[in-house]
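Take a look at the letters that make up each chain.
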Amino acid sequence: MRLSSLADYAVVMLSAAARHCGVSGRLNATMLSDETGIPLPTVQKLVSKLSAAGLIESARGTGGGFRLARPAAAISLADIIEAVEGPIAMTACVDEGRPDCSIEENCRVKPHWNVVNGAVRGALAGVSLVSLSRELA
């Protein structure tokens, strides 16, 4: 299992935003691009996705920019990944939007995938943005 580059960049970007919470009010895409090294067009694309998911609030114009929509402690790694990649689904068996599997009637593993998927999602949900934004000693 590997996150897409966009999901990885979203985590890096929001971690940087969390470090600035309460310090500088709103951030802008250029500042985040400069700080993180993520290309500006990618930051702008992610701002749109993260805003649509309710993770950040953005405002245009003078004094505009964006900020976290809720405290960093209330935003999980699962929230960020799902904002960029959609629902976490280890296999098509647990992805409700997918058609049935061609081996479904003989599959003895399918009943277990929801448990596995829940464990992975739970682990990701247990990691807060505030913990990702801290410096490790």
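A brief look at the structure comes next. What you see is a predicted model, and the numbers here were worked out from it, not measured in a lab. Position numbers for residues count from 1 along each chain, tracking the sequence in the order it is written. Side-chain atom pairs in this predicted model are given and counted only at pLDDT of 80 or more, local residue features only at pLDDT of at least 70, and totals for whole chains, interfaces and linings cover all residues. Side-chain measures here rest on the full set of heavy atoms in the structure, leaving out hydrogens and waters.

## Things to note about the pairing of strand β1 (residues 56–59)
Across 4 bridges, β1 lies against strand β2 (residues 65–68) in antiparallel orientation. From the neighbouring strand, Ile56 faces β2, where its bridge partner is Leu68. Hairpin remark: β1 followed by β2, antiparallel, with 5 residues in the connecting loop; positive phi at Gly61, about 90 degrees. Between any two strands, at least two bridges found by DSSP are needed for them to pair. Where helices and strands are cited, they refer to DSSP runs of H or I of at least four residues and of E of at least two residues respectively, numbered from the N terminus.

## Re the packing of helix α1 (residues 5–20) against helix α4 (residues 77–85)
To obtain an axis, a line is fitted to C-alpha atoms, over the contacting stretch when the element is a helix, and the angle between two such axes runs from 0 to 180 degrees between their N-to-C directions. For the pair α1 and α4, interaxial distance at closest approach is 9 Å and the crossing angle is 135 degrees. The angle between the axes of α1 and α4 places the two elements in the oblique class. Our pair here, α1 against α4, has a crossing hand that is right-handed. Across from Leu6, Ala7, Ala10, Val11 and Leu14 in α1, the residues of α4 making contact are Leu77, Ile80, Val84 and Glu85. Split by residue class, the contact of α1 with α4 holds 8 nonpolar, no polar and 1 charged. By definition in this entry, angles of less than 35 degrees are roughly parallel, angles greater than 145 are roughly antiparallel, angles of 65 to 115 are roughly perpendicular, and the rest are oblique. By definition, turning the near helix anticlockwise from the far helix through less than a right angle yields a left-handed crossing, and turning it clockwise yields a right-handed one. Note on contacts: a residue pair is in contact if any heavy atoms of the two residues lie within 4.5 Å. Side-chain classes are defined by residue name, with Ala, Val, Leu, Ile, Met, Phe, Trp, Tyr, Cys and Pro counting as nonpolar, Asp, Glu, Lys and Arg as charged, and the others, Gly among them, as polar.

## Description of the side chain of Ser15
Structurally, Ser15 is set in helix α1. Using a relative accessible area of 6% as the deciding quantity, one classes Ser15 as buried. Residue contacts for Ser15: discarding those within four places in its chain leaves Leu129, Leu132 and Ser133. Burial here depends on accessible area, computed with a 1.4 Å probe over protein chains only, as a share of the maximum for the residue type. Under 20% is buried, over 50% is exposed, and the range in between is partly exposed.

## Quick look at the pattern of salt bridges
The term salt bridge refers to a pairing of a side-chain nitrogen on Lys or Arg with a carboxyl oxygen on Asp or Glu at a separation within 4 Å. On inspection of all chains with the given rule, the structure shows 4 salt bridges. Salt-bridge contacts for Glu57 lead to Arg67; the nearest nitrogen and oxygen are separated by 3.2 Å. Of the two residues, Glu57 sits in strand β1 while Arg67 sits in strand β2, which places them 10 residues apart along the sequence. Relative accessible area serves as the criterion here: at 39%, Arg67 is assigned to the partly exposed category. The residue Arg121 makes a salt bridge to Glu82 at a minimum N-O spacing of 2.8 Å. Here Glu82 lies in helix α4 and Arg121 lies in helix α5 (residues 110–125), a separation of 39 residues in the sequence.

## Overview of the environment of Ile103
Within the secondary structure layout, Ile103 lies in the loop between α4 and α5. Assessed through its relative accessible area of 52%, Ile103 is described here as exposed. Between the C-alpha atom of Ile103 and that of His20, which follows or precedes it by 83 residues, the distance is 50 Å.

## Points about the packing of helix α2 (residues 29–36) against helix α3 (residues 40–52)
Remark: α2 packs on α3, axes separated minimally by 9 Å, with the N-to-C direction vectors making an angle of 125 degrees. With respect to α3, the axis of α2 lies oblique. When the axes of α2 and α3 are compared, the crossing they make is right-handed. Residues Ala29, Thr30, Leu32 and Ser33 of α2 lie in contact with α3, whose contacting residues are Leu40, Val43 and Gln44. Partitioned by chemical class, the residues of the contact of α2 with α3 number 4 nonpolar, 3 polar and no charged.

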